[in-house]
Amino acid sequence: MIVIRPINDAEAPAFLALLCRIFNLDPARAESIFYSEPFFDLDRKWALFEAGRIRSILTTVPLVFGDGPAYGIAGVGTDLDHQGRGFGERLLRAVLNHGRDSGEERALLFAHRPELYERCGFEVLDHVIRAPLVPSNTDNNAPLLPFEDVSTCYEQWANRSVHRLQRPPRRWQFWKWNLRICSEVAGGYVCQEGDTVRECIFDVPLDAWPVYPGAEWFGLRCMAEEMQLPVGEAKEELIYMGYGFSSPPRMFMTDQF
Ligand SMILES: CC(C)(COP(=O)(O)OP(=O)(O)OC[C@H]1O[C@@H](n2cnc3c(N)ncnc32)[C@H](O)[C@@H]1OP(=O)(O)O)[C@@H](O)C(=O)NCCC(=O)NCCS
């Protein structure tokens with residue numbers, strides 16, 4: 001018998017063990033992240049059970065845009081011995097139906113391949129690209145911007161369009177959970193994690209980028225274009241897919257689920 005539902009407390013270890021097997025994760029490291037990440041919520045960890053055994057899994061994450069709620073879908077996986085039996089599709093369809101019944105009608109995900117998701121009604125909205133940033137004039141001495149100023153700046157940016165991701169307190173908690181360094185630039189900031197820029201906000205194209213040579217943009221192509229980022233040759237790394245969206249809602253990969 002097939003049952004599809006969110007897991008309960010006692011089922012979390014089996015869910016985590018399957019997640020590690022499918023995605024080849026180190027169980028000890030994955031366990032510490034799994035239970036402590038700010039969006040941890042058993043009601044959003046879905047599983048397909050066959051005869052009481054978990055075969056397929058996925059996790060949803062709440063999202064809020066100016067024009068209403070949505071959710072992200074991550075970690076879609078089926079036990080290696082049971083792939084190709086239609087379980088992934090059944091699980092996804094059940095989660096989409098549940099979303100429609102509970103007022104979360106729109107979904108987003110980042111995929112390597114589109115087939116399964118297209119069959120369930122998702123459409124390709126854009127791509128996540130990785131591209132070298134070619135700074136016109138490197139300014140590595142830009143001062144760091146305190147968190148309060150970063151959040152004010154982000155919220156002003158998000159409020160300028162209903163298609164931009166809002167950050168309620170829990171999302172900010174998630175944002176702060178990772179080590180991010182934000183350098184002040186005219187009218188905003190550039191946020192770096194190591195050599196990667198996943199978030200930046202400014203009023204006019206920058207003359208000086210507070211990044212070292214070798215820094216890369218990792219984000220939506222549409223956002224790189226809108227902000228006129230000085231990106232070099234881009235590699236498409238992920239497909240940005242939406243269910244119930246007609247155009248790509250804007251979000252930074254700092255909010256990746
Ligand atoms: C993707 C995955 C969840 C599909 O689960 P499943 O239970 O086998 O799905 P279904 O039986 O309903 O559908 C199988 C179809 O999904 C599609 N598919 C296979 N891998 C896919 C992938 N990585 N992304 C999207 N679609 C995929 C194919 O069309 C496949 O049909 P085929 O076997 O005839 O080629 C499973 O292959 C898996 O766990 N892969 C490893 C983890 C992964 O890559 N997850 C997705 C990225 S987050």
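Residues numbered from 1 in each chain as written. Predicted model: local features only at pLDDT ≥ 70, side-chain atom pairs only at ≥ 80, totals over all residues.

Caption draft 1: Local environment of the overall build of the chain. A count of helical and extended segments in the chain gives 7 helices and 11 strands. Judged by the C-alpha coordinates and their principal axes, the chain covers about 60 × 40 × 35 Å. Relative to its 257 residues, the chain shows a buried fraction of 30%. For the chain, long-range pairs separated by at least 24 residues make up 67% of all intrachain contacts whose partners lie at least 6 apart in sequence. (Helix = DSSP H or I, 4+ residues; strand = E, 2+ residues; numbered from the N terminus. Buried ≥ 20, exposed ≤ 12 C-beta atoms within 10 Å, placed from the backbone. Contact = placed C-beta atoms within 7 Å.)

Caption draft 2: Broad picture of the domain arrangement of the chain. In terms of domains, the chain is made up of domain 1 (2-105) and domain 2 (129-235). For domain 1 and domain 2, the distance between their C-alpha centroids amounts to 30 Å. If you look at the interface, domain 1 gives 8 residues, while domain 2 gives 11 residues. Of the residues assigned to the side of domain 1 that touches domain 2, the class counts are 5 nonpolar, 1 polar and 2 charged. (Domains from an automatic or database assignment. Nonpolar A, V, L, I, M, F, W, Y, C, P; charged D, E, K, R; others polar.)

Caption draft 3: Geometry of the site of the ligand. If you check the shell around the ligand, you find 17 residues, and the closest are Thr78, Gln83, Gly88, Glu89 and Leu116. For the shell around the ligand, the elements supplying multiple residues, two or more each, are strand E4 (68-78), helix H3 (87-101) and helix H4 (115-119). When grouped by side-chain class, the residues that make up the shell around the ligand number 5 nonpolar, 8 polar and 4 charged. (Near = placed C-beta within 6 Å.)

Caption draft 4: Representation of the pairing of strand E9 (residues 196-201) in the model. Note that strand E8 (residues 188-193) and E9 share 5 bridges and pair antiparallel. Opposite Val190, over in E9, you have Cys200 as the bridge partner. Linking E8 back to E9 in an antiparallel pair, the connection comprises 2 residues, with Gly194 at a positive phi of about 60°. Note: E9 against strand E10 (residues 216-220), 2 bridges, orientation parallel. Along E10, the bridge assignment pairs Val197 with Trp217. (Pairing = 2+ DSSP bridges.)

Caption draft 5: Structural view of unusual backbone geometry. Of note in this structure, Asn24 is not a glycine but carries a positive phi near 55°. Inspection of the secondary structure assignment puts Asn24 in the loop between helix H1 (12-23) and helix H2 (27-36). Although it is not a glycine, Gln228 adopts a positive phi angle of roughly 50°. Residue position: Gln228 is located in the loop between helix H7 (221-226) and strand E11 (235-243). Residue Gln228 is classed as exposed on the basis of its 10 C-beta neighbours within 10 Å.

Caption draft 6: Geometry of the pairing of strand E2 (residues 45-50). Alignment of strand E1 (residues 2-6) against E2, held across 5 bridges, turns out to be antiparallel. Residue Pro6 lies in a different strand from E2, and its bridge partner there is Trp46. Where E2 and strand E3 (residues 53-65) come together, 6 bridges link them in antiparallel fashion. Residue pairing in the sheet places Trp46 in a bridge with Leu58 of E3. Between E2 and E3, which follow one another and run antiparallel, lie 2 residues, and Ala51 among them has a positive phi close to 45°.

Caption draft 7: Structural context of the sheet that holds E8. Reading across from one edge, E1-E2-E3-E4-E5-E11-E6-E10-E9-E8-E7 is the order of the 11 strands in this open sheet, with mixed pairing throughout. The open sheet has two edge strands with one neighbour each: E1 and strand E7 (181-185). The sheet shows a mean angle of 25° between the axes of neighbouring strands, taken without regard to direction. Docked against the sheet, H1 engages E2, E3 and E4, running at close to 90° with respect to E3. Against the sheet, H3 makes contact with E1, E2, E3, E4, strand E5 (107-111) and E11, and its axis sits at roughly 35° relative to E3, the strand it touches most. (Axes fitted to C-alpha atoms, helices over the stretch in contact; angles between N-to-C directions.)

Caption draft 8: Expanded view of H1. End to end, H1 covers 16 Å across 12 residues, agreeing with the expected 16 Å (1.5 Å per residue, within 8%). Here the buried face of H1 lies against H2, E2, E3 and E4. Immediately beyond the C-terminal end of H1, within one or two residues, lies Asn24, with a positive phi of roughly 55°. (Expected span 1.5 Å × (residues − 1).)

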